[in-house]
Structure formats: structure tokens, C-alpha cells
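The chain contents come next:
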Amino acid sequence: MMPMVESESKQYVVFKLGREEYGFDVSTVREIQSMDQITAVHGSVGYVEGVMNLRGKLVTIIDMRKRFGMGPPTEKTETKIVVIDAPDAPVGFIVDEVTEVIHISKDSVEDVPTPIASKIESEYVLGIAKRDDRLITLVDPIKILDLSVGSEAGPRRS
Amino acid sequence: MAKELDMKKYARLFVTESRESLRVANDAMVGLEKEPENRELVDQIFRSCHTIKGMAGMMNMQSVADTAHAIEDVLSAVREGELSPTGAVAEAIFHGLDTLDSMVSAVESSKEIPFDQGLIEQLQKALTQKSKPAPEKKEAPAGKRKRVETPTKTMVVRLGKRCALPSARALVILKELGKTSVVIDSNPDEQEIEHEHMFEELQITFEAGEKFHDSVKRIAAMTDVDQLLVGDTDKPRESWEKMSRQEAGPAAPTPDAALAKTVRVGMDKLDDLLDDVGELVISRSRLLEKATAQQDGDLQEISSLIDKLTSNIQSKVLGIRMIPLDMVVGRFPRMVRDLAKNGGKEVELVVEGGDIELDRTVVDRITEPMMHLLRNCVDHGIETPEEREKAGKKPKGLIRVVASKQQDHVLIEVSDDGRGIDADKIRAVAVKKGMMTESEAANALSRDLIDLLFKPGFSTKTEVTEVSGRGVGLDVVRNNVEYLGGSVMVNTSKGAGTTFSLWLPFTLAIIEAMLVQIAGQTYAVPMGAVVETHKYERVEVKSVREREVVQLRGEVLPLISMKGFFGIEKPAEKTSSLNALIVQSRDRRAALEVDELLGHQQIVVKSLDRRLKGTRGISGGTILGTGSIALILDIDSILGG
């Protein structure tokens, strides 16, 4: 096979939430874990599923579906945890299924149409990659986290 | 290229050395204000600036060198008796030292070095206040005054061929010797060293001080020093004492020696190491458990050896994280001096117990609170000299910071001999702020009134001063101390002063905890907060104003259902009895209803992600022997709610 010489291509970890496909830049992903025991943290924001023991470290686990305001999965899923390297500590994202790691060239990425962009916060959507007949939404996990911290300032007891 | 690398390495050396020099200079400067005639102090400051100037010059940090030089000019005038180191002159020098400090910080964080032209002008202006015109004489290096009466000694230092920046090392050597002796001359001299002339050996003639031998030992122990000869100047070299690094042996720990013999390790690495040690401690318990169950002598022997080694490693790793309290209190004299000056007060600060070592995390956490307490002492506690004299006190107030070891805690007391806390004033503010009604305030005990001081937004001082009004209140002091598992107490008597006592743990990484089960999950409660455990019959639970209470030997305690606290749906349970953990935080007690009491064990405290910090009722987590997580209950916030 000929080595692919694509102009400015990046590798993405592709995962599913229901029928939608999303991609994280592979350089932000630390590892992919099977679902393990997650300890619930009561009183934390809704999309925080809890904490998990990742080789002696307490890693916060975020439910991607809840984060994106989606309901629980309707079909059986092969749930996985995508652990990313946030600047302060690793954080895990629960996704329905991790499908593959693929090269996506910059040329095939398009901006998000505005009406859709406003639905999911446009700040963390990097673009939409077209691949054959699939559409993969490329998102920046670090940005998702940053926004999470900001939106965490919920009602506090006085 | 190689030079660039050296520069990086020496930037670190520069930062460490400069910080130490600035600390010495600041201390000396504070002392000099009290004794303007003390020439030894002037020399100390001069030497410090000179060291910084020398190193900065070599590293091409012109602005730093210029600033240090400008301070030196003022200092030489002081040394010649042409200027008095008080008033505007002292201010200029302090300002200069501050500027150097921020420059050093910039070097440390590889930022652009700020340059303060205004400062140079301030310093030059200070120079114009000379009482008599001084001859336009360049400063002589510190202590280069001729005093030929006493016989001198000479030291010859040969630096290793691989010494990267011999001039930096040479200046460090001169400085070290200067600590114990008076350097008369050196070859090459400081100026030549600064211009980086090549030299094979450094020859220093000095008047030996009492402790000069300590310095010699430390110098001999420095890296890059190949050989060192020392002896009386007028005797032949052959009779001199010869020392090489290997023979020097362990030198007394001073900053310089420490620099030569230490490895810098990032705090994150130590945290990682501690994580692993935590795992090791947990695995050890499992190993011991398994080994005792087996009839295998060898296995038991090995496991008991591992048990011992693990304990050793654990205590050593915890020891590595300890730093002396001086890292915090070292800055205080200067700070208090500035505060007092701003507030028109006269204050003397006495610090004791700075050598006590605490976990790095503890030290970091108490820095702000302690600074706040000092600000309080100066601002609110100590009266103006006039008021003090009227009250029959010495015009100069006294603030003491005393640290001492108390069993498993460290006690830090910050006390002043000022006016004390006025209970009536607190009453008035409490009423004004709607925290109490007038009759409540009138009947309130002084203990409750003092507790109000720790509430956010409470201040008895009517005008907000520049220093105290920075949004850090006593509530932050209490929060930080309690976060560390410590507590704060206040003792005050009107007219005689106030003492704040901070009780702190030495370390917080590994604690003793009680494990409990709530809704299928295990939680840990720090033993420090646990009073006892108790089993109650359902019928014993009474209700007072719609809140459930239980009694412990006659004392009525609120019963807090942890499931209710966490908002977990309570299945209609019909158990006839309930397990309660009696807990205490400060002076509040309560019974926590939990599903099971699982016993106590040592746990390694791990912090939670910042996204989970501030979750009510949870202060951290730990990993149990089974690999599952137990969250640590934050008793204070549970009782507060």
C-alpha cells in the first residue's frame, strides 16, 4: 500500500452517541477504558457520573449523553470511557461505542451550519468531517470541560 | 549552544541565590531601620546586592545589574556616613529590593524582566540628600577595608575543568566566605570575575571570622570545587590545609551546601510518588492478610519484611514533602514593617519555631491565612503610639508568631499586645448587619461573638484599609485551616491583646478514618471528626421542631440522615434500629445516620478533580484495598448545612 500523503490530515478517535458520530483529536486522548465501577458523587452537577479509579488516581467521569442533553440510549451499547488529558487532570467521557481511529484530512472538514451550531454549543464543535456517506462531528474535549466548569456555578446555598 | 544550556542551569542557580540574598538584605534592612548606625547590616545588604549584580552581569541581565548597582550606590553613601538609612532613603532601598525580587521572579518564570526607571530615579534622588559631598568614588567591594593589624589567611580554590560558569561559582564562594569572615582581597578580584576572565584558581585573602572553618567546609563540598587550600597568608603554601571534595564530608546544611547536594524535584512528581506509596500501603495490608492465613513460614517472613520496608518508604516519602515553616514566616518581618509604616504604627515582630517542618500542602495553605492574621494584628490590634502611651503601654507594639510541636499537631500562635477584640463593637456590627437582634446581641456570650468574626463579610473596622480590605477575611483563615483538618481558636482580652491559635496537622496525606456504608457506597470519615459510634432503636428518634434528634447520654444531637443529605431516595425502610456515627466539628456535634459501620483503617487522601471540588459534603476520596473508591465526608460542611 502506498503511504498516504494527505495534506494536513489528523487522526481522530471516532465514537458514537446513538446514531451520531463524533471525533476527538487523537492527541488529546490518553486511553480508552471499558466501563468499570464508577463511584457516584451525589450533589455534583448532573452530567458528572462520578469518579473512577484509574491506576490509583481519582478520575472524574462525565456522561457525554447527559452533557449533550441526550436521553439514555434506546439500544444496547458497548459503552466505553474515553479518557482525555485535560490540563489539570485526566477526565473520562462515557460514550456509547468507540468505533475506530481514522485519518481525516483538513480538506474534508466543513464548518458547522449555523442553525445546528447554536443547538450544540458551537464553541467546542471544531467542524464536521464528511467521509463517504458518514458525517462525523469533530469536538474539542478540553473546551467541553472548560465550559463545564463555567456552567458549574449553579445555585449555591447562601 | 552549550552556553545556552548552561545559562538555563545557571538561571536556576541565579534565582535560588538571589532569593537568599534578597531575604538577607530585607532582614538586614528592617534591622537597619532600627539601628541606622549598624555598619554590619549595611555591609550585609551591600554584599547581597553585589552578589546579585555580579551574577546578573554574567548572565547579561543588564536591567537587574543596573538596579542592583543603583542600590549599591546609595548603600555606599550610607556606608560612608553621607546618608542616613531612614525615611526616603530607606524607602528607596526597600523599593529597590522589591524591584529586584520581581525581576528574579520574572527570571524564574522565564518572563521578560521588568525595568523600573522610576526606581532608578528614586534611588538617584535619595543620593542627592547626601549631607556632605562625597568624592566621586566607585564602591569598593564589601568589606574590602584594610585592617592590617590581624594576621590574614589565604584560601586557594581550584575549580574543576568541567565547571560550566566558573565566575558564578567564584562569586558564590566569595559570598559563602563572606558569611563568616571578612574578605580582604581576591585574585581574580570581583570585577575581573564579573568580566569572566579565565582563571584556574581563585585566591582569596581574608580575615578569618570565628566560624570561618564552616565556610571552608561548605566551599570544599560545593560542586565544581576540585581542590581547596587554606592557611595563614604569611606561611608557605606547603603547610596549608588541603581539602578536596571527597574529604570534606557532609557539610553543615546551609543554602549553598544544600544547593550543591540536593536534587530539585517537582511537587507533582512527589505527589505521584505518594500515590504509588498509597497503593503500596494498601497492597501491603492485603498481602499481610493473605500471608497470615497461610501456613507458609517463608511467605510470612517475606511479607513481614515488605511490611517493614513499606512503612519505611511511607515515612520517608512523607518526610521529603516537609518544608520548614521559615518558607512562610521568612517574609513576615518585611511585611509587618511595611504594614506598620502605612498604618502609622510602631511594631516589633518576634518569630519563633520557624525551623518546624510541615507538609508542603499545609505550608501552602496557611501562607495566606497567616498573612491575613498579621495584617489584622497591625491594622486592628496594635494601637497608634499615642494611644498606647495613653494606655500606659510601650509605644512600640509587639507581635509574636510562635510555632511549636504539640503531640501530633503543630500549634502556631499569632499574638499581639494591642487593644484586644471589643465585644461591644462586635455586638453593634452584628446588629447593624442583621446577624443578631439587639436582645440576642446583648445576651450573646463572648465566644459566640468571636465566632461571628469568622463569618464572611464581617468586619468591625469601619473604614476599609488598603491592606485589610483585600477580600480575605477571617472566614478564609478558618476555611483554609479546617480544610487541612486543623482548627482556629481565639483568645482576647480587652486592652491586653489577642492571640489566634492555629492547630495544624504535620501532614495530611495519610490519615486514620472510619469507613461507613451509605446507599451501597463506602465513605470514609476522618477519625479526627469521629466522637463515637452508636446504635439507636427507631423509637429513640424524637422530633424537635420537625427535625429528628437522638440523645447521647442526655445530650440532644440532631440526627442527619446521610441518604437524605445526598438526596438519595429513601426506600421505605422499616429496620427497627439505625447505625449512627457521632461526629464533631469545632463545637458542633451531630449523629449521622449511615447504613453500616465498616471499621477504621489508614487511608491515603486523594484530592478530587477541580470539577468536583466544592461538592457539598465531600472533601476528597481514597482508594480502598479492593480497588474501589471511598469518598471522604466533609463533616464540617455537613454539620453546617
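Residues numbered from 1 in each chain as written. Chains lettered and ligands numbered in written order. Predicted model: local features only at pLDDT ≥ 70, side-chain atom pairs only at ≥ 80, totals over all residues. Heavy atoms only, no water.

## What to know about the sheet that holds strand 20 (residues 588-594) of chain B
Residues and elements named next belong to chain B.
Piece 1. With respect to topology, six strands assemble into an open sheet ordered 15-19-20-18-17-16, the strand pairing being mixed. Of all the strands in the sheet, just strand 15 (530-537) and strand 16 (542-544) have a single pairing partner and so form its edges. Between one strand axis and the next, the sheet turns by 40 degrees as a mean value, whatever way the strands run.
Piece 2. Two elements, strand 16 and strand 17 (residues 547-552), share three bridges in a ladder whose sense is antiparallel. Pairing of Ser-543 across the sheet is with Glu-548, part of strand 17. (Pairing = 2+ DSSP bridges. Helix = DSSP H or I, 4+ residues; strand = E, 2+ residues; numbered from the N terminus. Axes fitted to C-alpha atoms, helices over the stretch in contact; angles between N-to-C directions.)

## Some thoughts on the sheet that holds strand 2 (residues 20-25) of chain A
Residue and element names in this part refer to chain A.
Piece 1. The six strands lie next to each other as 8-1-2-11-10-9, forming an open sheet whose pairing is mixed. Across the chains shown, the open sheet's two edge strands, defined by having one partner strand only, are strand 8 (97-105) and strand 9 (109-110).
Piece 2. Where strand 1 (residues 9-17) lies against strand 2, six bridges are found, and the strand directions are antiparallel. Bridge pairing links Val-14 to Gly-23 in strand 2.

## Some details on a nonpolar patch on the surface
Piece 1. Judged by side-chain polarity, Leu280(B), Leu305(B), Leu309(B) and Ile313(B) come together as a nonpolar surface patch covering roughly 330 Å² of accessible area.
Piece 2. Tracing the backbone shows Leu280(B) in helix 11 (residues 267-293). (Patch = residues over 30% accessible without salt bridge, like charges linked within 9 Å, V, L, I, M, F, W, Y side chains within 5 Å. Areas by Shrake-Rupley, 256 points an atom, 1.4 Å probe, with all protein chains shown as cover. Salt bridge = Lys/Arg side-chain N within 4 Å of Asp/Glu carboxyl O.)

## Regarding the side chain of Thr154(B)
Piece 1. Mapped onto the fold, Thr154(B) is located in strand 1 (residues 153-159).
Piece 2. Setting aside residues no more than four positions away along its own chain, Thr154(B) makes contact with Gln203(B), Ile204(B), Thr205(B), Phe206(B), Leu229(B), Val230(B), Gly231(B), Thr233(B) and Trp240(B). (Contact = heavy atoms within 4.5 Å.)

## Re the pattern of salt bridges
Residues and elements named next belong to chain B.
Piece 1. Tallying each qualifying case throughout the model produces 39 salt bridges over all chains.
Piece 2. Salt-bridge contacts for Arg-400 lead to Glu-352; the nearest nitrogen and oxygen are separated by 3.5 Å. Taken together, the residues span a long stretch of sequence, with Arg-400 in strand 9 (residues 397-406) and Glu-352 in strand 7 (residues 347-352) at a distance of 48 residues.
Piece 3. According to the relative accessible area criterion, Glu-352 is partly exposed, its value standing at 36%.
Piece 4. Here Glu-383 makes a salt bridge to Arg-388, at a shortest N to O gap of 2.9 Å. Side by side, Glu-383 and Arg-388 carry an identical accessibility label, which is buried.
Piece 5. Three or more residues are tied together by salt bridges with common partners; here these are Glu-33, Glu-91, Asp-98, Arg-334, Arg-337, Asp-338 and Lys-341. (Buried < 20%, exposed > 50% of the residue type's maximum accessible area, 1.4 Å probe, protein only.)

## Some details on the environment of Pro141(A)
Residues and elements named next belong to chain A.
Piece 1. Here Pro-141 shows up in helix 3 (residues 141-151).
Piece 2. For Pro-141, a relative accessible area of 1% puts it in the buried group.
Piece 3. As for Pro-141 and Phe-24, which are separated by 117 residues in sequence, their C-alpha atoms are 6.8 Å apart.
Piece 4. Aside from chain neighbours lying at most four places away, what touches Pro-141 is Phe-24, Thr-28, Ile-84 and Phe-93.

By themselves these figures say nothing about function.
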